[in-house]
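Understanding the architecture of this molecule
Spelled out, the chains give:
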Amino acid sequence: MILEAAMLQVKQGMEEEYEEAFRQASKIISSMKGYISHELQHCMEVKGKYLLLVRWETLEDHTVGFRQSNEYQEWKKLLHDFYDPFPLVEHFEKVQLS
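So, here is what we can say about the structure in this document. Keep in mind that this is a model prediction, so the values were computed, not measured. Within each chain, residue numbers correspond to sequence positions counted from 1 in written order. In view of the model being predicted, local features appear only for residues whose pLDDT reaches at least 70, and side-chain atom pairs are presented and counted only at 80 or more, with totals across whole chains, interfaces and linings using the full set of residues. Side-chain figures throughout are based on the complete set of non-hydrogen atoms in the structure, without hydrogens or water.

Observations regarding the packing of aromatic side chains
In this scheme Phe, Tyr and Trp rings, the latter by its six-membered ring, pair at centre separations within 6.5 Å, and the angle between planes marks the pair as stacked below 30 degrees, edge-to-face above 60, and tilted otherwise. A full pass over the atoms with the stated rule returns 10 aromatic pairs. Ring geometry for Phe66 versus Tyr72: centroids 5.2 Å apart, planes at 80°, classification edge-to-face. Ring centres of Tyr83 and Phe86 lie 6.2 Å apart, and the angle between their planes is 75°; on these two criteria the pair is classed as edge-to-face. Relative accessibility decides the category of a residue: with a 1.4 Å probe and only protein chains considered, values under 20% of the type maximum give buried, values over 50% give exposed, and everything between is partly exposed. What makes Tyr83 buried here is its relative accessible area of 9%.

In structure tokens:
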């Protein structure tokens, strides 16, 4: 499993509109091959700051399957105009501790 993590900064005053757009976008991402789950959390200390966590079966499910799909174009239309600056997306793999 791969964990995609993105720290998102939404333009001031657009938080409610963003959250509604994200609800719509959630239907898109959750329909993709290799998708496991996702969550969006808002920061308690910084207004407009969000953390997006998406679990994928493989890195390629996100970077190729989703990012190169028609569905991603719709995702972009719904969400990308809200961000300033544009978010950095990183991928993580669980460390086995035992």
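A few points about the pairing of strand S1 (residues 2-9)
Pairs of strands are assigned from DSSP output, requiring at least two bridges between the strands. Put simply, DSSP marks the helices as runs of H or I at least four residues long and the strands as runs of E at least two long, and each gets a number from the N terminus on. Bridge count between S1 and strand S3 (residues 49-56): eight bridges; the pairing is antiparallel. If you follow Glu4 over to S3, its bridge partner there is Val54. In this sheet, strand S4 (residues 89-93) lies alongside S1 in antiparallel orientation, the contact comprising five bridges. Paired with Leu3 across the strands is Phe92, a residue of S4.

Comments concerning the side chain of Glu4
Its place among the elements puts Glu4 in strand S1. Of the side chains with opposite charge, Arg67 lies nearest to the buried Glu4, which makes no salt bridge, at 5.0 Å. Engagement of the side chain of Glu4 in a polar contact is seen with the side chain of His62, the distance being 3.3 Å. We call two residues in contact when some of their heavy atoms are within 4.5 Å. For Glu4, the residues in contact, after removing those within four places along its chain, are Leu52, Leu53, Val54, Trp56, His62, Val89, Glu90 and His91. The convention is simple: Lys and Arg are positive, Asp and Glu are negative, and His and the chain ends are not counted. Any carboxyl oxygen of Asp or Glu within 4 Å of a side-chain nitrogen of Lys or Arg constitutes a salt bridge here. In protein, a polar contact means a hydrogen-donor-capable atom and an acceptor-capable atom, both N or O and within 3.5 Å, with residues adjacent in sequence counting only if both atoms are side-chain atoms; elsewhere, any N or O pair within 3.5 Å suffices.

Overview of the side chain of Ser69
Considering the arrangement of structural elements, one finds Ser69 in the loop between helix H2 (59-66) and helix H3 (70-79). Ser69 gets classed as buried once you look at its relative accessible area, which sits at 9%. For Ser69, the side chain forms a polar contact with the main-chain oxygen of Phe66, separated by 2.6 Å. A distance of 3.1 Å separates the side chain of Ser69 from the backbone nitrogen of Tyr72, its partner in a polar contact.

So, the pattern of salt bridges
Inspection of every chain in the model, using the stated rule, returns three salt bridges. For Glu20, the salt bridge is made with Arg23, and the minimal N-O distance between the two is 3.5 Å. Highlighted residues: Glu20 and Arg23, both in helix H1 (residues 15-29), separated by three residues, approximately one helical turn. Accessibility expressed as a relative area gives 48% for Arg23, which makes it partly exposed. Note that Lys33 and Asp61 form a salt bridge whose closest N and O atoms lie 3.4 Å from each other. In this pair, Lys33 is assigned in the loop between H1 and strand S2 (35-42) and Asp61 in helix H2, connecting sequence segments 28 residues apart. The class for Lys33 is exposed, based on a relative accessible area of 65%.

Concerning the sheet that holds S2
As a general point, the strands of a sheet are linked pairwise by backbone hydrogen bonds and lie either parallel or antiparallel. Read across the sheet, four strands follow the order S2-S3-S1-S4 without closing on themselves; strand pairing throughout is antiparallel. Of all strands in the sheet, those bounded by a partner on one side alone are S2 and S4. Within the sheet, the average angular offset between the axes of one strand and its neighbour, ignoring direction, is 20°. With seven bridges joining them, S2 and S3 adopt antiparallel strand pairing. Note that in S3 the partner of Ser37 across the bridge is Arg55. Every axis in this analysis is a line fitted to C-alpha atoms, fitted for helices over the stretch in contact. Angles between the N-to-C directions lie between 0 and 180 degrees. H2 rests against S1, S3 and S4 of the sheet, and its axis sits at about 150° to S4.

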